[in-house]
Every structure is written in C-alpha cells, then in structure tokens.
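If you want the building blocks of each chain, they are given just below.
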Amino acid sequence: MTTFGLLCLGASPAFAHIGAHDAIGLRAGFAHPFSGLDHLLAMIAVGIWAAQMKGNAKWVLPLTFPLIMVAGAVPGFMGVDLPGFEIGIATSVTVLGVLIACAVRVPTRLAAALVAAFAVVHGYAHGAELPRQAAAGFYGAGFIVATALLHLIGLSASAFGNSRLASNALRLLGGGIAACGVYLMAGAV
C-alpha cells in the first residue's frame, strides 16, 4: 500500500487532457499513465479488483485492459471525436472504486466486459494525446508497459492475504478510489 500512496502523491490531479504531452517516444508513453490521477487510479484499481475476484479474473482483467486499450487508442490517434471521454475515464475510477469497496464478485466475463469498456476510453485518451510527430509504436509500447506495471501493483494486493484486516483495508482503499472518482467526475463536467 505504500507504493500506491507514493504513486498517488506523485500524480497530478489534472485529467489527461489532449495535447498535454510534448515529449515523444517510449519514455513519454510510459510516463503518461503516471501523470494523471485518473489513469493511475483506474489501472491500479483493475489489478486490485482482479485480486479480490480471484480465480481466472486475476489474469483475465489485467490482460483485457491493455489489449482493449490499444483498440481504443486507434480512433483517438486518427482524430475521431469521442465526446465525453473525460467523464468516461472519471466514471471508470468511481465504478472500479465502488466495486472494490463493496468487494463485488461477478462472473469473469462480465467483469472483463466492464473493464474492456473502461479500457476503450482510457485508450482513446492515450491515442488522442499522442503527439503527431511521435513514433506511435514506441509511445504505445510505453503506455502498455506502464499499464501492466500498474495492474501488477494492484494485483499485489493479494499478497496481503485473505485475512479480515486485509479485506477491510482493500475495501477502504476502494472507497478512497471511488471518492477520488467522484471528485474527478465533478471536474469533468
């Protein structure tokens, strides 16, 4: 949980607005998910929820998100307009936080579909923010690696065991993530 706290302190509360990044390449792509609280919390939350769900979800959800995120990046990169993507990102943080806080367990397919929907808007933001002069492949590889790392940080929540204390701590953390999501939603409207 200390790693989570440090990442949150280093992240900007601002949304990942289009045009916010002027650096290009692998490093810029890797840094992007760490630069905004919205992306940071959503990606860690996917890992935490997957850890809570146990079973196949522990690998299905963290694999679904980056795969679908890539698909969502394509229209953003191509300049296709996706109105409301900022509220979609904030909503993903809120919903994932609530799912963690309530320790919701659903069939893995349903969880994967929900995570995929959230991945589309996060991917769109990544694609739309890609500087036109950047090497899309390197930038994309950077944000995929960073996303996987953030999912792993969330998954590490399962290392705390199945004790009641660990479960309650994760639920409390989920409540905090949901509260941040509500805050982000207020700024997105």
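Residues numbered from 1 in each chain as written. Predicted model: local features only at pLDDT ≥ 70, side-chain atom pairs only at ≥ 80, totals over all residues. Heavy atoms only, no water.

Draft legend 1. Representation of the packing of helix α4 (residues 57-77) against helix α6 (residues 108-129) in the model. One can describe the packing of α4 onto α6 by two numbers: an axis separation of 6 Å at closest approach and a directional angle of 35°. Relative to α6, the crossing made by α4 is right-handed. A class-by-class count of the residues in the contact of α4 with α6 yields 18 nonpolar, 8 polar and no charged. (Axes fitted to C-alpha atoms, helices over the stretch in contact; angles between N-to-C directions. Helix = DSSP H or I, 4+ residues; strand = E, 2+ residues; numbered from the N terminus. Left-handed = near helix turned anticlockwise from the far one by under 90°. Nonpolar A, V, L, I, M, F, W, Y, C, P; charged D, E, K, R; others polar.)

Draft legend 2. Seen up close, α4. Its 21 residues place the ends of α4 30 Å apart at the C-alpha level, agreeing with the 30 Å of an ideal helix rising 1.5 Å per residue. A57, V60, L61, P62, T64, F65, P66, M69, G72, A73 and G76 are the residues of α4 that are buried. Within two residues after α4, G79 carries a phi angle of roughly 85°, on the positive side. (Expected span 1.5 Å × (residues − 1). Buried < 20%, exposed > 50% of the residue type's maximum accessible area, 1.4 Å probe, protein only.)

Draft legend 3. Main features of the side chain of T147. Turning to its location among the elements, T147 is positioned in helix α7 (residues 136-155). Within the local environment of T147, its side chain forms a polar contact with the backbone oxygen of F143, the two atoms lying 2.7 Å apart. Once you skip the residues sitting within four places of it in the chain, T147 turns out to touch P33, M43, F65, P66 and M69. (Polar contact = N/O pair within 3.5 Å; in protein donor to acceptor, adjacent residues only side chain to side chain. Contact = heavy atoms within 4.5 Å.)

Draft legend 4. Seen up close, the confidence of the model for the protein. Chain-level statistics for the protein give a pLDDT mean of 85 and a share of 87% at 70 or above. Of all the helices and strands in the protein, helix α1 (residues 2-10) carries the lowest mean pLDDT, 46, while helix α5 (residues 85-101) carries the highest, 96. Note on residues 1-23: pLDDT is under 50 here. Beyond four places in sequence and across chains, it has 56 contacts. (pLDDT = per-residue confidence, 0-100.)

Draft legend 5. Quick peek at the side chain of T64. Mapped onto the elements, T64 comes out in helix α4. For T64, a relative accessible area of 15% translates into the label buried. The residues touching T64, leaving out its near neighbours within four places in the chain, are A112 and A116.

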